[in-house]
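Structure at a glance
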Amino acid sequence: LVAEPPLLSARGQELASAPAPDRRRPGPPRAFRLGTPALDLFPLRSWSRIARQCVRSATPRRLDYSALAGLLSLREAIAEQVRSRGTRCTAEQVIVVAGAQRGLDLALHLLIDPGDAVAMEEPGYPGAQAALLAAGGRRLSVPVDADGLEVARLHEGQGVRVACVTPSHQFPLGVPLSLPRRQSLLAWARRSHAWVIEDDYDCDFRYQAQPLPCLHALDPDGRVIYLGSFSKTLFPALRLGYLIVPHQLVGGFLRARLASDLHPPALEQSMVARFLADGHYQRHLRRMQAAYSERLEALRQAMARSGAPLSLRPVHSGLHAVADLEGVAAERVSATAAERQLEVVPLSHYYRGDGPRQNALLLGFAAVGPRPLRAAVEKLAQAIAASR
Ligand SMILES: Cc1ncc(COP(=O)(O)O)c(C=O)c1O
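First, a word on what this report is: a plain description of the structure on this page.

About the thresholds
- Residues numbered from 1 in each chain as written.
- Predicted model: local features only at pLDDT ≥ 70, side-chain atom pairs only at ≥ 80, totals over all residues.
- Heavy atoms only, no water.
- Helix = DSSP H or I, 4+ residues; strand = E, 2+ residues; numbered from the N terminus.
- Axes fitted to C-alpha atoms, helices over the stretch in contact; angles between N-to-C directions.
- Left-handed = near helix turned anticlockwise from the far one by under 90°.
- Contact = heavy atoms within 4.5 Å.
- Nonpolar A, V, L, I, M, F, W, Y, C, P; charged D, E, K, R; others polar.
- Pairing = 2+ DSSP bridges.
- Near = heavy atom within 4 Å.
- Polar contact = N/O pair within 3.5 Å; in protein donor to acceptor, adjacent residues only side chain to side chain.
- Areas by Shrake-Rupley, 256 points an atom, 1.4 Å probe, with all protein chains shown as cover.
- Salt bridge = Lys/Arg side-chain N within 4 Å of Asp/Glu carboxyl O.
- Buried < 20%, exposed > 50% of the residue type's maximum accessible area, 1.4 Å probe, protein only.
- Arc of directions from axis to C-beta.

1. With respect to unusual backbone geometry
The omega torsion across Glu122 and Pro123 is 0 degrees, close enough to zero to call that bond cis. For the bond from Phe171 to Pro172, the omega torsion is 10 degrees, close enough to zero to count as cis. Within the element layout of this structure, Pro172 appears in the loop between strand E5 (160–165) and helix H6 (179–192). Within the chain, Arg239 stands out as a residue other than glycine whose phi angle is a positive 55 degrees. Inspection of the secondary structure puts Arg239 in the loop between strand E7 (224–229) and strand E8 (241–244). Even without being a glycine, Gln341 presents a positive backbone phi close to 65 degrees. Note on placement: Gln341 falls in the loop between helix H11 (330–339) and strand E11 (345–346).

2. Structural notes on the packing of helix H4 (residues 99–111) against helix H5 (residues 126–135)
Two numbers describe how H4 lies on H5: the axes approach to 9 Å, and their chain directions differ by 35 degrees. H4 and H5 meet at a crossing whose hand is right-handed. Here H4 contributes Gln101, Leu104, Asp105, Leu108 and His109 to the contact with H5, which in turn contributes Gly127, Ala128, Ala130, Ala131, Leu132, Ala134 and Ala135. Looking at the contact of H4 with H5, its residues break down into eight nonpolar, three polar and one charged.

3. What about the sheet that holds strand E1 (residues 94–97)?
The eight strands are arranged E1-E8-E7-E6-E5-E2-E3-E4 in an open sheet whose pairing can be described as mixed. Each edge of the open sheet is held by one strand with a lone partner, namely E1 and strand E4 (148–149). For E7 and E8, the ladder comprises four bridges, and the chain directions are antiparallel. Along E8, the bridge assignment pairs Tyr226 with Ile244. Of the strands in this sheet, strand E3 (138–145), E4, E5, strand E6 (195–199) and E7 touch H6, which is tilted by about 155 degrees from E5.

4. Topic: the site of the ligand
Residues in contact with the ligand, as listed here, are Gly35, Gly99, Ala100, Gln101, Tyr125, Phe171, Asp199, Tyr201, Ser229, Ser231, Lys232 and Arg239. At a separation of 2.7 Å, an oxygen atom of the ligand approaches a polar backbone atom of Ala100. When the ligand sits alone it has 400 Å² of accessible area, and the protein chains cover 90% of it. Here the shell around the ligand gets three residues from one element, more than from any other, and that element is H4. Of the residues assigned to the shell around the ligand, the class counts are four nonpolar, five polar and three charged.

5. Describing the pattern of salt bridges
It is possible for side chains bearing opposite charge to pair when their charged atoms get close. Inspection of the entire model under this criterion finds 16 salt bridges. As a salt-bridge pair, Asp105 and Arg102 come within 2.9 Å of each other at their nearest N and O atoms. In this pair, Asp105 and Arg102 both sit in helix H4, three residues apart, roughly one turn of the helix. On the basis of relative accessible area, Arg102 is assigned to the buried category, the value being 15%. If you follow the salt bridges from partner to partner, you end up with Arg102, Asp105, Arg257 and Asp261 in one network.

6. Some points on helix H8 (residues 247–256)
Within H8 the residues assigned to the buried category are Leu249, Val250, Phe253 and Leu254. For H8, the angular spread of buried residues about the axis comes to 130 degrees, placing them on one side. Facing away from the buried side of H8 by more than 90 degrees, the exposed set consists of Gln248 and Arg255. Residues of H8 that are buried make contact with E1, H4, E6, E7 and E8.

This is the structure:
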């Protein structure tokens, strides 16, 4: 009699036991939720009209398999859109993917072999860690300080094949990668023949801060794979993002898709293409910039009034703030807050190694309006007091 094998393969078990990237509670968006934009302000009426137009204009031909790279009209619109990040690419370099997560997964599967080292930010994005695990990569944690990734810790001899970074708004600390470090990172990639995956997930919303050129714009050598997402600028359930890949990688990336998703649903792609082409996207970004500035200000003022032992770090961009906490452990506050239906994640959740962890909370400020945000700050102050 042959012993029954385990339900999952060793790799399957490792993946299934990976820490959940997301700690959100079920239910509608609530204060401090991370990674959720202002869904209450999404122009659903325009979106529904575009949906009707796209469905009505469907022809039998459009029901067949579509382009592996994504719809040309969408890729052209994305190539135009990324000029606002100071970079240029052709539509041929754009590959539409089912969200940044799928882009990370695809890129890491294609660029590393199991056991290869990948430089990851510490603390960092659990989604990137999950994709690394799925591709069988070996993590090389690189600490992040006030100027972003400590690039000086990367050396040619480490055999690192890829560095995964969030330069415009480091996840979770929120700091931008300084210009000298951007240049050193690119110089390292050139010397080491390594790739850099630039996750530019939170670059669209800024608060009195001048954006630095993205790594892709500074890279003369074609070592950067740029990753964009519509999860923050439109909505996360859309599951659409894009990769911009160097010319020499395009063919390989496209052929590899034959083994997985082929391409994201064409109907949603055509809707986003039209949303961009008709000017709704730019209009929406402008409105959201104003709304997020207002929500961030409401958070700042409510925190100052609350007297809670929290100090907000400067917020340069993105949709969440980091608040240092004094006198009580952030994990404890997070648990007490959860009992009171508040979602606050401790910064420590995003560290993988055993090094020192800063005692801070991450506070998303985009998901709800100023009034519920103010009420939530009061509840948070009470949760902190109750956790002492
Ligand atoms: C660091 C980072 N990258 C990417 C994303 C977007 O991921 P996706 O496009 O898969 O929704 C997020 C969302 O919260 C994020 O925090």
